[in-house]
Amino acid sequence: ERREREQKLSKEMAEKAARELEKMQLQEKAEVKYKEWLKKKRAEEAEKKKKEKEKEKEREAELQEKKERSEKIFKEWLHNARSKPRPLLNGYGFPHGKSTGLYSCCTYVVS
């Protein structure tokens, strides 16, 4: 009986050790997979940040180009506006550049 008990105990201990070993191996595999996943995830994030920076640089370049173009067009307009003749103010109601009277739609003329 004693031998049987010892054999049974040793068998149980061996099974327990095998389960512990299997558990440790599974844990190591899980850890390796997690590290691989984490490495992949970080690489994806770095790639995403890199693309975002490139897009931001492109947007800034476009804005700068647009600003330069608009400034150039404004300068051309300003240069052309200076050389254009001014409209004459000596038209109807403005002899010598001044208004001759207060005429409006509400003025009642008695004849």
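Quick note: structure is the one above.
Everything in this summary refers to the structure shown in the same document. Everything numeric in this text was worked out from a predicted model, so none of it was measured. (Residues numbered from 1 in each chain as written. Predicted model: local features only at pLDDT ≥ 70, side-chain atom pairs only at ≥ 80, totals over all residues. Heavy atoms only, no water.)

**Points about the overall build of the chain**
Next up, step 1: What the chain contains, in helices and strands, is one helix and zero strands.
Next up, step 2: Looking at the chain as a whole, 0% of its 111 residues are labelled buried.
Next up, step 3: In the structure as shown, the chain presents an accessible area of about 12300 Å², 55% of it carried by carbon and sulfur atoms. (Helix = DSSP H or I, 4+ residues; strand = E, 2+ residues; numbered from the N terminus. Buried < 20%, exposed > 50% of the residue type's maximum accessible area, 1.4 Å probe, protein only. Areas by Shrake-Rupley, 256 points an atom, 1.4 Å probe, with all protein chains shown as cover.)

**Thoughts on the pattern of salt bridges**
Next up, step 1: Under the criterion given, the structure shown has two salt bridges.
Next up, step 2: The partner of arginine 59 in a salt bridge is glutamate 56, and the shortest N-O contact between them spans 3.0 Å. Taken as a pair, arginine 59 and glutamate 56 lie in helix α1 (residues 2-83) at a separation of three residues, close to a single helical turn.
Next up, step 3: When its relative accessible area of 37% is taken as the criterion, glutamate 56 is described as partly exposed.
Next up, step 4: Two residues, arginine 69 and glutamate 65, come together in a salt bridge whose shortest N-O distance is 3.8 Å. Here glutamate 65 and arginine 69 lie together in helix α1, a separation of four residues that amounts to about one turn. (Salt bridge = Lys/Arg side-chain N within 4 Å of Asp/Glu carboxyl O.)

**So, a negative patch on the surface**
Next up, step 1: On the surface, a cluster of negative charge is made up of Glu47, Glu54, Glu58 and Glu62.
Next up, step 2: Assignment of secondary structure puts glutamate 54 in helix α1. (Patch = residues over 30% accessible without salt bridge, like charges linked within 9 Å, V, L, I, M, F, W, Y side chains within 5 Å. Lys, Arg positive; Asp, Glu negative; His and termini not counted. Charge placed at Lys NZ, Arg CZ, Asp CG, Glu CD.)

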